[in-house]
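In case you want the letters, here they are:
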Protein chains: 2
Amino acid sequence: MGRWEPNTRERLAKAALDLYGERGFERTTVAEIAKSAGLTERTFFRHYADKREVLFSGAIEFEQLFARAVADAPPSAAPIDALASGLDAICAVFEERRDFARKRQAVISATAELRERELIKLASLAAALTETLRGRGVPSTTAALTAETGVAVFKVAFERWITGDEARPLGRLARESLAELKAVAVGGNAPASEV
Amino acid sequence: MGRWEPNTRERLAKAALDLYGERGFERTTVAEIAKSAGLTERTFFRHYADKREVLFSGAIEFEQLFARAVADAPPSAAPIDALASGLDAICAVFEERRDFARKRQAVISATAELRERELIKLASLAAALTETLRGRGVPSTTAALTAETGVAVFKVAFERWITGDEARPLGRLARESLAELKAVAVGGNAPASEV
DNA sequence: CAGTTGATGTCAGTTACTGACATCGACGCT
DNA sequence: AGCGTCGATGTCAGTAACTGACATCAACTG
């Protein structure tokens, strides 16, 4: 057995999410999180760059999973279709963790600082997708627009999935949102979502 | 004459932009900005909520201008076309201030903290546009997707306008990006931008 | 078993940001 | 003119995020 309890990072992340949920982000100090995990403040900052980052440790895998699925789409697929298979891949991951996602999202939505961090993670995702699409031979601007579109579709679908009493699976909502975006772009006049 | 020099806010904003440009955001203290404007640190925080906000004082007008143009589009216009007239309106404003925009953007792009703040301003813009579109009778999800799309188009066009040696006016780049997004959504296979 | 390593602890320091109170020209009222 | 209020700023003390330097000590290595 090691000198210390194992899973330091995970213990910190759990303690942080719990405390942010109970007292709110701003009224929780890093010292409290660390103490709650049986560690010191200094150790917290060795594992997470700042007080917000502790809620976003999964962002890298999320981004990689999405990008890989886009990269692995058949070479013949149009950019928007490659994107769609990326959406499928990540939605599947979220599907099993709805409770966790909900709890985490409630904390993030409640605090502007955390929303900022979330947005920069999504921007990083868009940048990664842009690169991946370029790797598929898509021109820069097209790639950027496709990537931003994909992130927008995910945001809208995720929002619908996580709030209220929406019972449909995330993947389905994402597919629907993507279809609706296509309709919007074509310029039909305010079509209602019909599913 | 007042007891103090006038235009406190503007003096602070100018001092901040200059210092961020010279030394970088992180190596500039708020005390330095305030001193450079002939004021104290405490006064800085009375005018700007935090060290980043000083670069974003125009965000409200930006948002309002965009939203108003969308609201004022002919009622018969499809959501995507109402959005396009909003894009026209804000692009016109930027057109005359390219040097300022460039300097400011260089500072923002150099620092993650500032990029975060920029992103939340854009998210706020998207939310405002969503509301405006809903006010035009567009259903929620359609409105959200259209708004996010509009922000994405602006981001891509602005990026092209501000970087490198792009000589075309912002409004034109925005129009082109919007057209390209439509093509992407339809699903053509990686069309190059043709203008 | 001695030396090294790596994760943690300890401590002092900087700086963003906040609350409470003091200051004093401008301005309106009499 | 004199007086009281007001509003923008200054002063000062305090909290908490974050950082750098150094100490500790179990586990591993040869």
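Procedures and definitions
Residues take numbers from 1 onward in each chain, read along the sequence in its written order. Whichever chain is written first becomes A and whichever ligand is written first becomes 1, with later ones labelled in order. Under the rules for a predicted model, residues below a pLDDT of 70 receive no local features and side-chain atom pairs below 80 are neither given nor counted, while totals for whole chains, interfaces and linings still include all residues. To obtain the side-chain values, all non-hydrogen atoms of the structure were used and water was disregarded. UniProt positions are given in the numbering used here, feature names are shortened, and annotations may be inferred rather than shown by experiment. Every helix listed is a DSSP run of H or I at least four residues long, and every strand listed is a run of E at least two residues long, numbered separately from the N terminus. Whether two residues touch is decided by their heavy atoms; if any such pair falls within 4.5 Å, the residues are in contact. Buried surface area refers to the total accessible area, computed with a probe of radius 1.4 Å, that the two partners give up upon joining, counted for both partners together. Should a side-chain nitrogen of Lys or Arg be within 4 Å of a carboxyl oxygen of Asp or Glu, the pair is scored as a salt bridge. Here a polar contact is taken to be a pair of N or O atoms separated by no more than 3.5 Å, where protein atoms must pair a possible hydrogen donor with a possible acceptor and residues adjacent in sequence count only if both atoms sit in side chains. Following the grouping adopted for this structure description, the nonpolar residues are Ala, Val, Leu, Ile, Met, Phe, Trp, Tyr, Cys and Pro, the charged ones are Asp, Glu, Lys and Arg, and the polar ones are all others, Gly among them. Superposition of the copies used a least-squares fit over C-alpha atoms from residues whose pLDDT is at least 70 in both. Aromatic contacts are taken between Phe, Tyr and Trp rings whose centres are within 6.5 Å, Trp giving its six-membered ring; a plane angle under 30 degrees counts as stacked, one over 60 as edge-to-face, and the others as tilted. Note on exposure labels: buried denotes an accessible area under 20% of the residue type's maximum, exposed denotes more than 50%, and partly exposed covers the range between, all computed with a 1.4 Å probe on protein chains only. In this analysis the charged atom, NZ for Lys or CZ for Arg, is taken to sit over a ring once it is within 6 Å of the ring centre and within 35 degrees of the ring normal. Note that the domain bounds reflect an automated or database-derived domain assignment.

1. Some details on the UniProt feature "DNA-binding region" (unreviewed entry) in chain A
Right, so step 1: Using the residue numbers shown here, the UniProt feature "DNA-binding region" (unreviewed entry) corresponds to residues 29-48 of chain A.
Right, so step 2: Across residues 29-48 of chain A one finds 70% helix and 0% strand; the C-alpha atoms that close the span lie 14 Å apart.

2. A closer look at the interface of chain A and chain B
Right, so step 1: Each partner contributes residues to the interface: chain A has 40 residues there, and chain B has 40 residues.
Right, so step 2: Across the chain A/chain B interface, buried area totals approximately 3200 Å², and carbon plus sulfur atoms make up 67% of it.
Right, so step 3: Our enumeration of links across chain A and chain B arrives at six salt bridges.
Right, so step 4: Its salt-bridge partner being B:Arg117, residue A:Glu116 comes within 2.5 Å of it at the nearest N-O pair.
Right, so step 5: Inspection of the region where chain A meets chain B yields eight residue pairs in polar contact (both at pLDDT 80 or more).
Right, so step 6: When residues of the side of chain A that touches chain B are traced back to their parent elements, those giving at least two are helix H5 (79-95), helix H7 (112-135), helix H8 (140-162) and helix H9 (170-186) of chain A.
Right, so step 7: A per-element tally of the side of chain A that touches chain B places H8(A) first, with 12 residues.
Right, so step 8: Taken together, the residues of the side of chain A that touches chain B break down into 22 nonpolar, nine polar and nine charged.

3. Quick look at the pattern of salt bridges
Right, so step 1: In the structure shown here, the tally under the stated rule is 30 salt bridges over all chains.
Right, so step 2: As a salt-bridge pair, B:Asp18 and B:Lys14 come within 2.9 Å of each other at their nearest N and O atoms. One end of the pair, B:Asp18, and the other, B:Lys14, are both in helix H1 (residues 8-23), four residues apart, so they sit about a helical turn from each other.
Right, so step 3: When salt bridges that share partners are traced, they join A:Asp50, A:Arg52, A:Glu53, A:Glu113, A:Arg117, A:Lys121 and B:Glu116 into one network.

4. Thoughts on the UniProt feature "domain: HTH tetR-type" (unreviewed entry) in chain A
Right, so step 1: Per the UniProt entry, the sites bearing "domain: HTH tetR-type" (unreviewed entry) are residues 6-66 of chain A in this numbering.
Right, so step 2: Taken end to end, residues 6-66 of chain A is 62% helix and 0% strand, and its two terminal C-alpha atoms sit 30 Å from one another.

5. A closer look at the relation of the copies chain A and chain B
Right, so step 1: When chain A is fitted to chain B, the best match, at an RMSD of 0.0 Å, comes from turning it 180 degrees and sliding it 0.0 Å along the axis. A rotation of that kind, with that shift, is consistent with a two-fold axis. Rotation axis and chain A: the residue whose C-alpha lies nearest the axis is A:Glu116, separated from it by 2.6 Å.
Right, so step 2: Comparing interface residues between copies, 100% of those in chain A also lie at the interface in chain B; the contact surface is shared.

6. What about the packing of aromatic side chains?
Right, so step 1: Applying the stated criterion to the full structure yields 20 aromatic pairs over all chains.
Right, so step 2: Here B:Phe158 and B:Trp161 contribute two aromatic rings whose centre-to-centre distance is 5.8 Å and whose plane-to-plane angle is 45 degrees, an arrangement assigned as tilted. Residue B:Phe158 and its partner B:Trp161 are both found in helix H8 (residues 140-162); the two are separated by three residues, about one turn of the helix. Here B:Phe158 matches B:Trp161 in class, with each residue buried.
Right, so step 3: Of the aromatic side chains, those joined through ring pairs into one cluster are A:Phe62, A:Phe94, A:Phe154, A:Phe158 and A:Trp161.
Right, so step 4: We note A:Lys51 situated over the ring of A:Phe25; from NZ or CZ to the ring centre the distance is 4.3 Å.

7. Section: the domain arrangement of chain A
All names here are of chain A.
Right, so step 1: The domains assigned to chain A are domain 1 (8-54) and domain 2 (58-186).
Right, so step 2: The straight-line distance from the C-alpha centre of domain 1 to that of domain 2 is 28 Å.
Right, so step 3: Every contact between the two is made by nine residues of domain 1 and, on the other side, 10 residues of domain 2.
Right, so step 4: Taken over both partners, the interface formed by domain 1 and domain 2 buries close to 920 Å², and the fraction arising from carbon and sulfur atoms is 56%.
Right, so step 5: The largest per-residue losses of area from domain 1 upon contact with domain 2 belong to Leu17, Phe25 and Arg52, which jointly make up 62% of the total buried on that side.
Right, so step 6: Where domain 1 touches domain 2, the interface holds five salt bridges.
Right, so step 7: Of the charged contacts in the structure, one is a salt bridge between Lys103 and Asp18, with a shortest N-O distance of 2.8 Å.
Right, so step 8: Among the residues forming the side of domain 1 that touches domain 2, the class breakdown is three nonpolar, one polar and five charged.

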